[in-house]
Amino acid sequence: MRAFVVDRYGSRAGLRAGEAPEPEPGPDDVLVQIRAAGINPLDRMIRDGEMKAILPYRVPFILGNDLAGTVMRVGAAVTRFTVGDEVYARPRKDRIGTFAELIAVHQDDLAIKPATLSMEEAASLPLVALTSWQVLVERAHVRPGQKVLIHAGSGGLGTIAIQLAKQLGAHVATTTSTANIDVVKSLGADVVIDYKRQAFETVLHDYDVVLDALGGETLKKSLNVLKPGGKIISVAGPPDAAFGRELGANPIIRLAMSALSFQTRRRARRRGVTYSFLFMKASGDQLRELTALIDTGKIRPVVDTVFPFESTSEALEYVAAGRAKAGKVVVRMT
């Protein structure tokens with residue numbers, strides 16, 4: 001089958017288009033013919049070796065973390081899916097490989113594709129929709145009336161997180177560039193900070209939750225907008241020991257992760273708030289919850305550009321260079 005394979009870590013040159021063996025599904029697996037695959041910043045980070053300490057893939061491996069497609073075959077223990085079903089998923093972290101014609105996905109990670117979406121729209125959603133759900137519902141327990149700040153509101157994650165936070169009844173603020181103010185307002189943002197003209201930390205106060213997708217100085221400044229007891233949950237900041245335990249890392253790696261986040265956690269404690277790092281998990285059950293919101297029009301995908309499968313490397317560079325104006329970039333199988 002055709003696939004985009006990482007032969008060596010470190011650069012764009014390490015990713016090549018070529019042939020790879022077709023996957024052989026196990027008893028609990030569903031063999032999916034991929035029709036479209038979402039592009040995520042995570043893909044570039046994995047390709048370049050920035051995630052090796054957390055995700056030590058052995059080269060060569062197929063890249064890609066989002067998919068929508070059609071069921072071709074099911075394992076003997078599969079009960080939820082049949083041949084011909086249209087599905088979408090973010091495969092679990094040790095079974096990535098969506099930049100390919102076929103993939104075997106564990107049935108627990110898969111869900112029926114929203115009926116109202118195209119394959120390209122569906123492929124844009126799993127990773128960012130699951131991340132939004134796990135931050136806002138599972139970790140933050142957002143309740144009606146709470147104030148939530150979502151950074152990078154016009155990005156792939158931000159466009160979905162804004163909509164989900166509104167469905168949870170939150171008052172939502174977001175940061176974005178001048179060009180995307182109307183986009184994030186159309187998604188439901190109540191307060192929009194143009195980061196080129198305003199310093200969000202001087203405008204926003206007494207927030208309950210911050211979803212940080214940027215890390216660095218943005219993460220540090222975000223501590224100042226939280227009220228006592230507030231929570232900042234980062235998908236870009238330093239990992240913590242709790243994440244190391246989730247990962248099943250050895251004590252030395254857990255200690256290193258704890259050290260990386262020590263300063264951030266100390267600053268948070270001094271302000272009476274909490275910091276945690278989140279790396280999303282695959283979940284078909286959560287995708288089914290999200291599908292209900294999507295098919296009733298409460299959450300809609302935002303797709304920036306669709307590339308042909310043959311241009312997957314170019315699509316990655318387009319995302320890495322920050323050229324996407326709003327939402328996700330997707331590749332379509334021909």
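Residues numbered from 1 in each chain as written. Predicted model: local features only at pLDDT ≥ 70, side-chain atom pairs only at ≥ 80, totals over all residues. Heavy atoms only, no water.

## Quick word on the overall build of the chain
Now for step 1: Across its full length, the chain carries 12 helices and 16 strands.
Now for step 2: The C-alpha radius of gyration of the chain comes to 19 Å, within 12% of the 20 Å expected for a compact globule of 334 residues.
Now for step 3: Dimensions of the chain, computed from the C-alpha atoms along their principal axes, are close to 55 × 45 × 35 Å.
Now for step 4: Buried residues in the chain amount to 55% of all 334 residues.
Now for step 5: Of the contacts formed within the chain by residues at least 6 apart in sequence, a portion of 68% connects residues at least 24 apart.
Now for step 6: Of the accessible surface of the chain, which amounts to about 14100 Å², a share of 52% is contributed by carbon and sulfur atoms.
Now for step 7: Counting 43 positive and 36 negative side-chain charges, the chain places the centres of these two groups 8 Å from one another. (Helix = DSSP H or I, 4+ residues; strand = E, 2+ residues; numbered from the N terminus. Rg over C-alpha atoms; globule rule 2.2 N^0.38 Å. Buried < 20%, exposed > 50% of the residue type's maximum accessible area, 1.4 Å probe, protein only. Contact = heavy atoms within 4.5 Å. Areas by Shrake-Rupley, 256 points an atom, 1.4 Å probe, with all protein chains shown as cover. Lys, Arg positive; Asp, Glu negative; His and termini not counted. Charge placed at Lys NZ, Arg CZ, Asp CG, Glu CD.)

## Re the sheet that holds strand E11 (residues 191–194)
Now for step 1: With parallel pairing, the six strands of this open sheet are ordered in space as E11-E10-E9-E12-E13-E14. Lying at the two open borders of the sheet, with one neighbouring strand each, are E11 and strand E14 (274–277). Here the strands of the sheet are splayed against their neighbours by 15° on average, with no regard to which way each runs.
Now for step 2: The sheet contact formed by strand E9 (residues 147–150) and strand E10 (residues 171–176) spans four bridges and is parallel. When the sheet's bridge partners are listed, Leu149 is paired in E10 with Ala173.
Now for step 3: Against the sheet, helix H3 (residues 126–139) contacts E9, strand E12 (207–212), strand E13 (226–234) and E14, and its axis sits at roughly 150° relative to E13. (Pairing = 2+ DSSP bridges. Axes fitted to C-alpha atoms, helices over the stretch in contact; angles between N-to-C directions.)

## Quick look at the environment of Lys231
Now for step 1: Within the secondary structure, Lys231 sits in strand E13.
Now for step 2: For the pair formed by Lys231 and Val210, sequence separation is 21 residues and the distance between their alpha carbons is 6.4 Å.
Now for step 3: Setting aside anything within four residues of it in sequence, one finds Lys231 in contact with Arg139, Ala140, His141, Asp208, Val209, Val210, Leu226 and Thr274.

## Observations regarding the packing of aromatic side chains
Now for step 1: As enumerated under the stated definition, the model contains six aromatic pairs in all.
Now for step 2: Between Tyr9 and Phe61 the ring centres are 5.9 Å apart and the planes differ by 45°, which places this aromatic pair in the tilted class. In this pair, Tyr9 sits in the loop between strand E1 (2–6) and strand E2 (15–19) while Phe61 sits in strand E4 (residues 61–62), placing the two residues 52 residues apart along the sequence.
Now for step 3: For Tyr9, a relative accessible area of 22% translates into the label partly exposed.
Now for step 4: When the centroid spacing of 5.0 Å and the interplanar angle of 70° are considered together, the rings of Phe243 and Phe277 count as edge-to-face. (Phe/Tyr/Trp six-rings, centres within 6.5 Å; stacked < 30°, edge-to-face > 60°.)

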